[in-house]
Every structure is written in structure tokens, then in C-alpha cells.
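Examination of the molecular architecture
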Amino acid sequence: MPLPRPLPESLQTFQDAHWQQNDIGRSQAMVYFTDRWFLKIQPQASPETLRQDLQALKWLQQHVPVPEVLGHAEQDGQEFLITSRIQGRDLSLLAQEDREKAVMHFARGLRLWHGQPTQDCPLDRSLDFRLVEARQRLEQGQIALEAFTDESPEDVLNWLHNNKPDEDLVLTHGDYCFPNVLVDQDRICGFVDVGRAGISDRYTDLTLALWSTEYNCGSGWKHVFLQAYGHDLDQEKLHYYSLLDRFS
Ligand SMILES: Nc1ncnc2c1ncn2[C@@H]1O[C@H](COP(=O)(O)OP(=O)(O)O)[C@@H](O)[C@H]1O
Ligand SMILES: [Mg+2]
């Protein structure tokens, strides 16, 4: 299919490729792919920019398997990012066939991220950063108010400010869910959607990972995931980071 809009000058070589539209994913981005490339297009005014993906991809390149950046541009209020396509399929598809295998890959993939050295990473997603971001999103009307039934978002955010747990900082993916992990020939071959990657508490990933395990595999698989990841759940931290996730 032709793309819905012309690509900027610097990305012209990609214009006439055989693009197809991808419908998995949850962000505001329009996602297209060919047999070699992935293209994301989204409004420059989006709360999370593709510049963030670009910056994260460049640093992560040397640490975990992520797509290669082939081009980035901004034009007419839109942002464009082209990366290499990672071959293989995502874990949400594998889970339809073999849930146990999918959960094992999912846990192993997270161990890989959380086992990386953190010293030189310029990507900060620590609690202070996330709380400032949560406040901004609230003030700019970017959060889903349906998630707040008993208490106002202001009260929840104040509670989060006053009850910060100690941080156990690791390299986090930031959107660790089944569709963002790709496998090929029975091994993990890449991670995508890394715009929120950075140094953060491991519960930044564990909270979403547990939700995604249940969403993709059904109930009864969370303990399998935790055992393979190698961690005893801290319920208080899970509660804290689940509340914080309502602001993302
Ligand atoms: N470079 C890539 N290589 C292979 N598959 C990709 C690549 N980028 C994205 N995908 C696939 O497309 C889906 C949507 O892309 P993603 O970057 O996660 O967008 P969204 O922000 O909409 O979730 C991913 O879940 C993954 O299955
Ligand atoms: Mg995604």
C-alpha cells in the first residue's frame, strides 16, 4: 500500500517500498513495515516522542538486541522513525501456540535487561523522574481518569510522593509486554518499543510484565513467570508501581 503521506526529503529512499500497515500496538503511532524495515509516524505534539525512541535505541544498541536506526525526521507536525525489521515473531503470537515457552522467553528476556550494568546509562527513568512526569501528565490532561474510582488522581499522586519505596535500580525496558519481545528459532532475537527504556526500579517492568503474562496467557501463569525470572514478589512495591502506572 502507498503511505498515507509523503516521507520527508531525507527519507525519500524509503518512500516507494512495499509498505504494509501493522495493527498491533497501543500508542498514537501509525506503524508500517516491509520485509526489511519498520516505520513509525506520529504527531510531534505526542506526549512521548520518537526522539526518545531514537535516543534509547542508540544507547541500547551495544547492550541488548534492538532494531538499528535507519532514519529519523520531523516535518509538518509529524515525526518519522525508520528502523531495521527484526525477523521472528512477537511473544503474543507464540503464546497462542505454546504459553509455557512464551512465558519462559518473556522471563529470560527480562533477566537479560535487568542484568545489564547501569553505570554509564544516560537514560533516567528513576522514581523522581517518573513522579515529575506523572504530575505533568496529570496537569496536561493526559491520563485515563476511569482508572481512578475511589480516590482522585491528585490524592493518589500525593500519596505516591509521600510513600516512595527504596529503589532497586536496573536497566528497564519501560514497556515490557508480550508484543514488544520477538523470538526466532526458539531464541529471543530482539526487543522493540523502547522509548521509555532507562534506569529505573525493576518493578517498573515487573508490574506491566505480570499484567501482560495474565493478559496473554490467562490466569495461573504469573507464578511461572516469577519463578523463571527468579524473584519473590514484594506486594507493597507491586501496589506502589501499579498505582504509578495509572499515570503513564
Ligand atoms: N523493528 C521491528 N522489527 C520487528 N517487529 C517490529 C519492529 N517494530 C515494531 N514491531 C512490531 O510491531 C508492533 C508495534 O510496534 P511498536 O513499536 O511496539 O508500536 P506501539 O508503540 O504502537 O506499541 C510491535 O509489537 C512488534 O510486534
Ligand atoms: Mg508496542
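Thresholds, definitions, all that
Residues numbered from 1 in each chain as written. Chains lettered and ligands numbered in written order. Predicted model: local features only at pLDDT ≥ 70, side-chain atom pairs only at ≥ 80, totals over all residues. Heavy atoms only, no water. UniProt positions renumbered as here; feature names shortened; annotations may be inferred. Axes fitted to C-alpha atoms, helices over the stretch in contact; angles between N-to-C directions. Helix = DSSP H or I, 4+ residues; strand = E, 2+ residues; numbered from the N terminus. Parallel < 35°, antiparallel > 145°, perpendicular 65-115°, else oblique. Left-handed = near helix turned anticlockwise from the far one by under 90°. Contact = heavy atoms within 4.5 Å. Buried < 20%, exposed > 50% of the residue type's maximum accessible area, 1.4 Å probe, protein only. Pairing = 2+ DSSP bridges. Donors = N, O, S within 2.8 Å, 3.2 Å for Na, K, Ca; no water. Core = buried A, V, L, I, M, F, W, Y, C linked by side-chain atoms within 4.5 Å. Domains from an automatic or database assignment. Phe/Tyr/Trp six-rings, centres within 6.5 Å; stacked < 30°, edge-to-face > 60°. Lys NZ or Arg CZ within 6 Å of the ring centre and 35° of its normal.

The name an unreviewed UniProt entry gives the protein chain is Aminoglycoside 3'-phosphotransferase, with Deinococcus cellulosilyticus as the organism. The protein chain has a UniProt comment under Sequence similarities (unreviewed entry) that states "Belongs to the aminoglycoside phosphotransferase family."

Overview of the packing of helix 3 (residues 99-114) against helix 7 (residues 222-229)
In the contact formed by helix 3 and helix 7, the axes pass within 8 Å of each other and the chain directions differ by 40°. Classified by the interaxial angle, the pair formed by helix 3 and helix 7 is oblique. Here the hand of the crossing between helix 3 and helix 7 comes out right-handed. Of the residues in helix 7, those in contact with Val103, Met104, Phe106, Ala107, Leu110, Arg111 and His114 of helix 3 are Val224, Phe225, Ala228 and Tyr229.

Looking at unusual backbone geometry
Most peptide bonds take the trans form, and the phi angle of most residues other than glycine is negative. Positioned with a positive phi, aspartate 76 is a non-glycine residue whose angle comes to about 50°. The topology assignment puts aspartate 76 in the loop between strand 4 (69-75) and strand 5 (78-84). On the basis of relative accessible area, aspartate 76 is assigned to the exposed category, the value being 69%.

Digging into the pairing of strand 3 (residues 37-43)
The element strand 3 is largely enclosed, with a buried count of 5 among its 7 residues. Where strand 2 (residues 30-33) meets strand 3, 4 bridges bridge the pair, whose relative direction is antiparallel. Across the sheet, residue tyrosine 32 finds its bridge partner in strand 3, namely leucine 39. Between strand 2 and strand 3, which pair antiparallel in sequence order, lie 3 residues. Bridge analysis of strand 3 against strand 5 gives 7 bridges, and the strand direction is antiparallel. The partner of glutamine 42 across the bridge, within strand 5, is glutamate 79.

Looking at the sheet that holds strand 5
One open sheet accounts for 5 strands, arranged 1-2-3-5-4; its pairing is antiparallel. In this open sheet, the two strands that pair with only one neighbour each are strand 1 (20-22) and strand 4. Averaged over all adjacent pairs, the angle separating strand axes in this sheet is 20°, with direction ignored. Packing of helix 1 (residues 50-60) onto the sheet brings it into contact with strand 3, strand 4 and strand 5, and relative to strand 5 it is tilted by some 30°.

Digging into the coordination of the magnesium ion (ligand 2)
Taken together, the protein donors to the magnesium ion (ligand 2) comprise Asn180 (OD1) and Asp193 (OD), at separations of 2.1 to 2.4 Å. Note that asparagine 180 is positioned in the loop between strand 7 (169-172) and strand 8 (181-184) and aspartate 193 in the loop between strand 9 (187-191) and strand 10 (198-201), a separation of 13 residues in sequence.

Quick word on the nonpolar core
Within the largest apolar cluster, 55 residues are counted, with the highest numbers of intra-cluster contacts made by Leu60, Leu160, Phe225 and Phe247. Residues from two domains meet in this core; each of domain 1 (9-84) and domain 2 (89-245) gives at least three. Excluding residues that lie within four positions of it along the chain, phenylalanine 247 makes contacts with Ala134, Arg137, Leu138, Ile143, Phe148, Pro153, Val156, Leu157 and Leu160. Membership of the second largest hydrophobic core comes to 12 residues, among which are Leu11, Phe14, Trp37 and Ile82.

Some words on the pairing of strand 5
Across the 7 residues that make up strand 5, a large majority, 7, are buried. Residues Gln78, Phe80, Ile82 and Ser84 point to one face of strand 5 and Glu79, Leu81 and Thr83 to the other, with burial holding for every one of them. When strand 4 meets strand 5, the two strands line up antiparallel, connected through 6 bridges. Among the inter-strand pairings, glutamine 75 is bridged to a residue of strand 5, identified as glutamine 78.

Considering the packing of aromatic side chains
Counted by the stated rule, this structure contains 13 aromatic pairs. Consider the rings of tyrosine 240 and tyrosine 241, whose centres lie 5.4 Å apart with planes at 65°: the pair is edge-to-face. The exposure class of tyrosine 240 is buried, given its relative accessible area of 2%. Given the relative accessible area of 1%, tyrosine 241 is considered buried. Through pairs of rings, three or more aromatic residues link up here, namely Phe106, Trp113, Tyr176, Phe178, Phe191, Phe225 and Tyr229. In this structure, arginine 246 is placed above the aromatic ring of phenylalanine 148, and the distance from its NZ or CZ to the ring centre is 5.2 Å.

Comments concerning helix 1
What helix 1 keeps buried is the set Leu50, Asp53, Leu54, Ala56, Leu57, Trp59 and Leu60. Those residues of helix 1 that are buried lie in contact with strand 3, strand 4, strand 5, helix 3 and strand 7.

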